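The lines below spell out each chain.
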Amino acid sequence: MHHNEIFPRFRKGKVLTPGNFGCLKGIPTLNITNGCLFRCTYCYARGYTQAPREGEIHLYVNLSSLLEEELARRRIFPPWIILNTSSDCFQSHPDILSVAYEVIRTLLDRGIGISFLTKGVIPQRFIDLFGRSPEKILAQIGLVSLSDRYWREYEPGTPSPDKRIENIQRLKEIGIVPEIRIDPIIPFVTDTEIEAMTLLRQLQEKGVKKVTLSYLHLRPAIYQQLMKELSPLHRRVIESCFRTQEWKAIGSSTKTKLLPKTIREKGYQRIKEIGERLGITAAICQCKNPDLKGDLCSSGRVKAVLGKRTPAQLPLFRC
Ligand code: SF4
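Residues numbered from 1 in each chain as written. Predicted model: local features only at pLDDT ≥ 70, side-chain atom pairs only at ≥ 80, totals over all residues. Heavy atoms only, no water.

Undergrad: Could you give an account of helix H2 (residues 94-109), with specific residues and numbers?
TA: Counted at 1.5 Å a residue, the expected span for H2 with its 16 residues is 22 Å, and the 22 Å between its end C-alpha atoms agrees. Restricting attention to buried positions, one finds in H2 the residues Ile96, Leu97, Val99, Ala100, Tyr101, Val103, Ile104, Thr106, Leu107 and Leu108. In the stretch just after H2, Gly111 is the one whose phi turns positive, near 75°. (Helix = DSSP H or I, 4+ residues; strand = E, 2+ residues; numbered from the N terminus. Expected span 1.5 Å × (residues − 1). Buried < 20%, exposed > 50% of the residue type's maximum accessible area, 1.4 Å probe, protein only.)

Below is the structure:
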């Protein structure tokens, strides 16, 4: 496995910057690290120009004090902040987790809600912290498949699917039902009837009510990563599915390839129907499927809430 090293970094300047893509637009986003220990093969953040060198993780060790100073200067707090847009705050390393804990506590102490997507294991002390204000937590767990085959091939650096499932139980004990993000769905690998059924059955047993769906899409850097890191069989699957597709401008990316529309439509329909039978609502991620009728995921709902209210109508969020 690839060697990862963590480097402490001191951030400067403003930390709360509004997101500029899709449903994150206008909501401040925050990342604890630049670079991510999990190194998913399909990770788009690994291809960012500002991404550190392979195997390097830059940890913003002064983030919570910077955040405290910035919030002290503000008259109005943002009601929500979205974590983990290009990293994961629950990467399995004690130093990362301790910065994450301080940052999240700083936010929750001021009544600022957090929305996050994670493929990590959420330690119990975070669960205890969330338990003080569960209504301020929008939790999404990233989980595409329960199969070892998928995990070892596409996300070998992440905690196992079983460990991620355990997050659901812990969150439920404090009254939070996480949403599951099934993304990236791999055509002909994780979108079969049996694969989807196995995953959704397990999620139903754990009390999950909502999942969001999105097929793999490519950007040039993701494509290169996949071709470098996947086994020949999976490289062939990806190559043949995307061969006919053009690079297009989608969202903030100028070069994106989506899967052929028919593959996506049929696959989403198949998974949605299985979900319906099990009492799970499956929404299609709108930002990544601009040509289909999408649904609003939880980030989208945060934005919808923000869009409808002016700061004056949000007295709870004022300092
Ligand atoms: S967990 Fe997210 S940020 Fe980390 S490598 Fe995987 S896709 Fe990238």
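Additional details are given in the paragraphs that follow.
Undergrad: Residues and numbers for the packing of H2 against helix H3 (residues 124-131), please.
TA: Remark: H2 packs on H3, axes separated minimally by 11 Å, with the N-to-C direction vectors making an angle of 0°. Here H3 runs roughly parallel to H2, going by the angle between their axes. Where H2 abuts H3, its residues Leu97, Ser98, Ala100, Tyr101, Ile104, Arg105 and Leu108 lie against Arg125, Phe126, Leu129 and Phe130. Partitioned by chemical class, the residues of the contact of H2 with H3 number eight nonpolar, one polar and two charged. (Axes fitted to C-alpha atoms, helices over the stretch in contact; angles between N-to-C directions. Parallel < 35°, antiparallel > 145°, perpendicular 65-115°, else oblique. Contact = heavy atoms within 4.5 Å. Nonpolar A, V, L, I, M, F, W, Y, C, P; charged D, E, K, R; others polar.)

Undergrad: Could you give an account of the site of the ligand, naming the residues involved and the relevant values?
TA: Around the ligand, the neighbouring residues are Cys36, Phe38, Arg39, Cys40, Cys43, Ser86, Ser87, Asp88 and Lys119. Here the shell around the ligand is composed, by residue class, of four nonpolar, two polar and three charged. (Near = heavy atom within 4 Å.)

Undergrad: Outline empty space enclosed by the protein, listing residues and values.
TA: Summed over the entire model, instances satisfying the criterion amount to one cavity of 30 Å³ or more. Its boundaries defined by the atoms lining it, the largest cavity holds a volume of some 50 Å³. What lines the largest cavity is Val144, Ile182, Ile185, Thr190, Ala196, Leu199, Leu200 and Ile271. For the lining of the largest cavity, the secondary-structure elements that each account for two or more residues are strand E9 (179-185) and helix H6 (193-205). Among the elements that make up the lining of the largest cavity, the one with the highest residue count is H6 (three residues). Residue composition of the lining of the largest cavity, by class: seven nonpolar, one polar and no charged. (1 Å grid on protein atoms, 1.4 Å probe; cavity = no way out; pocket = protein on both sides within 12 Å on 5 of 7 lines; lining within 4 Å. Points joined across faces, edges and corners; volume = space filled by probe spheres on them.)

Undergrad: So what's going on with the sheet that holds E9? Residues and values would help.
TA: Sheets are built from strands paired through backbone hydrogen bonds, the pairs being either parallel or antiparallel. The strand order across the open sheet formed by eight strands is E2-E3-E6-E7-E8-E9-E10-E13, and the pairing between neighbours is mixed. Looking at strand neighbours, the two that pair on one side only are strand E2 (17-18) and strand E13 (281-284), the edges of this open sheet. Relative to strand E3 (residues 28-30), E2 runs antiparallel, the two sharing two bridges. Among the inter-strand pairings, Pro18 is bridged to a residue of E3, identified as Pro28. Taken strand by strand, helix H9 (residues 261-278) contacts E9, strand E10 (210-215) and E13, and its axis lies near 160° from that of E10. (Pairing = 2+ DSSP bridges.)

Undergrad: An account of the pairing of E10 is needed here, citing residue identities and associated values.
TA: Within E10, five of the six residues are buried, leaving the element largely enclosed by the surrounding structure. Read from E9 through H6 to E10, the crossover connection turns out right-handed. Two strands pair when backbone bridges link them, and E10 and E13 are joined in this way by four bridges, in the parallel orientation. Of the residues in E13, the one forming a bridge with Thr212 is Ala283. (Right-handed = clockwise from strand over helix to strand, strands pointing away.)

Undergrad: Which residues make up the side chain of Arg46, and what values do they have?
TA: Locating Arg46 in the fold gives a position in the loop between strand E4 (33-34) and strand E5 (56-60). Arg46 gets classed as buried once you look at its relative accessible area, which sits at 15%. Engagement of the side chain of Arg46 in a polar contact is seen with the side chain of Glu54, the distance being 3.1 Å. Not counting residues within four places of it along the chain, the set of residues in contact with Arg46 comprises Arg39, Cys40, Thr41, Ala51, Glu54, Gln225 and Glu229. (Polar contact = N/O pair within 3.5 Å; in protein donor to acceptor, adjacent residues only side chain to side chain.)

Undergrad: Pulling in residues and values, what's your account of the environment of Lys255?
TA: Inspection of the secondary structure assignment puts Lys255 in strand E12 (residues 253-256). Judged by its relative accessible area of 42%, Lys255 falls in the partly exposed class. With sequence-adjacent residues up to four places away left out, Lys255 is seen in contact with Leu218, Arg219, Pro220, Trp247 and Lys248.

Undergrad: Explain the sheet that holds E5 to me, using residue names and the numbers behind them.
TA: Taken together, three strands build an open sheet; the order of strands is E1-E5-E4 and the sheet is mixed. The open sheet has two edge strands, strand E1 (5-9) and E4, and neither has a second partner. Along the sheet, H2 makes contact with E1, E4 and E5, crossing E5 at roughly 30°.

Undergrad: Please give an account of the nonpolar core that cites residues and values.
TA: Of all hydrophobic cores here, the largest spans 85 residues; its most connected members are Leu30, Ile104, Phe130, Leu203, Val211 and Ile238. Looking at this core element by element, the count peaks at nine residues for H2. Among residues more than four places away in sequence, those in contact with Leu30 are Val15, Leu16, Leu63, Leu67, Ile81, Ile82, Leu83, Asn84, Val103 and Leu107. (Core = buried A, V, L, I, M, F, W, Y, C linked by side-chain atoms within 4.5 Å.)

Undergrad: Requested: an account of the environment of Arg53, with residues and values cited.
TA: Tracing the chain through its elements places Arg53 in the loop between E4 and E5. Owing to a relative accessible area of 62%, Arg53 belongs among the exposed residues under this scheme. Counting along the chain gives 18 residues from Arg53 to Gly35, while the straight-line C-alpha distance between them is 8.3 Å.

Undergrad: So what about the pattern of salt bridges? Which residues, and what values?
TA: Enumeration according to the criterion identifies 13 salt bridges in this entry. Taking the shortest distance from any N to any O, the salt bridge between Glu54 and Arg39 comes out at 3.0 Å. Highlighted residues: Glu54 in the loop between E4 and E5 and Arg39 in the loop between E4 and E5, separated in sequence by 15 residues. Classification of Glu54 by relative accessible area gives partly exposed; the value is 41%. Looking at Arg39, the relative accessible area reads 14%, which means it is buried. Between Glu70 and Arg74 there is a salt bridge, and its shortest N-O distance comes to 3.9 Å. Judged by relative accessible area, Arg74 falls into the partly exposed class, the value being 29%. (Salt bridge = Lys/Arg side-chain N within 4 Å of Asp/Glu carboxyl O.)

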